[in-house]
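Residues per chain, in single letters:
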Amino acid sequence: MEERYCQSCGTPMGPTDELYGTEADGSKNKNYCKFCYTDGVAQRYCQSCGMPMGPTDELYGTEADGSKSKDYCSYCYTNGAFPADCTMQEMIDYCVQPVLENMPGMTEEGARAMMNEFFPHLKRWQA
Ligand SMILES: [Zn+2]
Ligand SMILES: [Zn+2]
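Residues numbered from 1 in each chain as written. Chains lettered and ligands numbered in written order. Predicted model: local features only at pLDDT ≥ 70, side-chain atom pairs only at ≥ 80, totals over all residues.

Peer 1: Please provide a residue-by-residue account of the overall build of the protein chain, values included.
Peer 2: Looking only at helices and strands, the protein chain has two helices and six strands in total. Ordered by position from N to C terminus, the α and β elements of the protein chain give β-β-β-β-β-β-α-α. In terms of overall size, the protein chain behaves like a compact globule, its C-alpha atoms giving a radius of gyration of 15 Å where 127 residues would be expected to give roughly 14 Å. Looking at the protein chain alone, contacts between residues at least 24 apart form 35% of all its contacts between residues at least 6 apart. (Helix = DSSP H or I, 4+ residues; strand = E, 2+ residues; numbered from the N terminus. Rg over C-alpha atoms; globule rule 2.2 N^0.38 Å. Contact = placed C-beta atoms within 7 Å.)

Peer 1: Got a sec to walk through the nonpolar core? Specific residues and values, please.
Peer 2: Core analysis: the biggest nonpolar cluster contains nine residues, these being Tyr45, Cys46, Cys49, Met53, Tyr60, Tyr72, Cys73, Cys76 and Tyr77. Excluding anything up to four places from it in sequence, cysteine 46 contacts Met51, Met53, Tyr72, Cys73 and Cys76. Counting six residues, the second-largest nonpolar core is a separate cluster that includes Cys6, Cys33, Cys36 and Tyr37. (Core = buried A, V, L, I, M, F, W, Y, C linked by C-beta atoms within 7 Å. Buried ≥ 20, exposed ≤ 12 C-beta atoms within 10 Å, placed from the backbone.)

Peer 1: Please set out the domain arrangement of the protein chain residue by residue, giving values where relevant.
Peer 2: Splitting the protein chain by domain gives domain 1 (1–43), domain 2 (47–82) and domain 3 (86–122). The straight-line distance from the C-alpha centre of domain 1 to that of domain 3 is 22 Å. (Domains from an automatic or database assignment.)

Peer 1: Tell me about helix 1 (residues 88–102), and please be specific about residues and values.
Peer 2: Taking 1.5 Å as the rise per residue, helix 1 with 15 residues should run 21 Å; its terminal C-alpha atoms sit 20 Å apart, in good agreement. In the structure, helix 1 departs most strongly from a straight axis at cysteine 95, where the bend amounts to approximately 35° and where the proline proline 98 lies between one and four residues downstream. (Expected span 1.5 Å × (residues − 1). Bend = angle between axes of the 7 residues up to and from the residue.)

Peer 1: Which residues make up the environment of serine 8, and what values do they have?
Peer 2: With respect to the element layout, serine 8 can be found in the segment before strand 1 (20–22). Along the backbone, serine 8 and cysteine 36 are 28 residues apart, and their C-alpha atoms lie at a distance of 6.8 Å. Once you skip the residues sitting within four places of it in the chain, serine 8 turns out to touch Tyr32 and Cys36.

Peer 1: Run through the packing of helix 1 against helix 2 (residues 108–118), naming residues and quoting values.
Peer 2: Running from amino to carboxyl end, helix 1 crosses helix 2 at an angle of 125°, the nearest separation of the two axes being 9 Å. Taken together, the axes of helix 1 and helix 2 are oblique relative to one another. Considering only the axes of helix 1 and helix 2, their crossing is right-handed. Every residue of helix 2 that contacts helix 1 at Ile92, Cys95, Val96, Val99 and Leu100 is listed here: Glu108, Ala111, Arg112, Met115 and Asn116. When grouped by side-chain class, the residues that make up the contact of helix 1 with helix 2 number seven nonpolar, one polar and two charged. (Axes fitted to C-alpha atoms, helices over the stretch in contact; angles between N-to-C directions. Parallel < 35°, antiparallel > 145°, perpendicular 65-115°, else oblique. Left-handed = near helix turned anticlockwise from the far one by under 90°. Nonpolar A, V, L, I, M, F, W, Y, C, P; charged D, E, K, R; others polar.)

Peer 1: I'd like a rundown of the pairing of strand 6 (residues 68–73), residues and numbers included.
Peer 2: Here strand 5 (residues 60–62) pairs with strand 6 via three bridges, running antiparallel. Across the sheet, residue tyrosine 60 finds its bridge partner in strand 6, namely cysteine 73. In this structure, the hairpin formed by strand 5 and strand 6 is closed by a connection of five residues, where glycine 66 is found at a positive phi of approximately 90°. (Pairing = 2+ DSSP bridges.)

Peer 1: Break down the environment of cysteine 86 for me, citing the residues and quoting the values.
Peer 2: Position of cysteine 86 among the secondary structure elements: in the loop between strand 6 and helix 1. Of the residues examined, cysteine 86 has 14 C-beta atoms within 10 Å and is grouped as partly exposed. In this structure, the C-alpha to C-alpha distance between cysteine 86 and glycine 110, residues 24 residues apart in sequence, is 22 Å.

Peer 1: How would you summarise the pairing of strand 2 (residues 28–33) if you had to cite specific residues and measurements?
Peer 2: Judged from the three bridges that link them, strand 1 and strand 2 form a sheet pairing that is antiparallel. In the sheet register, tyrosine 20 faces strand 2, and the bridge partner there is cysteine 33. As consecutive antiparallel partners, strand 1 and strand 2 are separated by five residues, and within that stretch glycine 26 has a phi angle of approximately 90°, a positive value.

Structure (structure tokens):
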């Protein structure tokens, strides 16, 4: 079986279709992973903290020249640099609380498990 990589984030999608994105009709999209593409819509997440950045550039970080960064949010990235220099695990620790607030019913354990799966897909942590 050929190796398939997400055409957006480059994540290897493995031998099954489990990581494939989904179309609006629920079918699988073989070009993008489920983190980049769900229900027929390309998702933009901050490639550092995993926050969904929505349809506008309002939450995008800024480059040194003042232009918008499409990869990182304004909390993680300003003027072309990361103000908070931290490890992936520190970022997960930091994000647990907001995730719990945004996802009613989620447990701390569940939130950590989800982020431990999701964060290695993010550009900042793929070194
Ligand atoms: Zn992807
Ligand atoms: Zn961020």
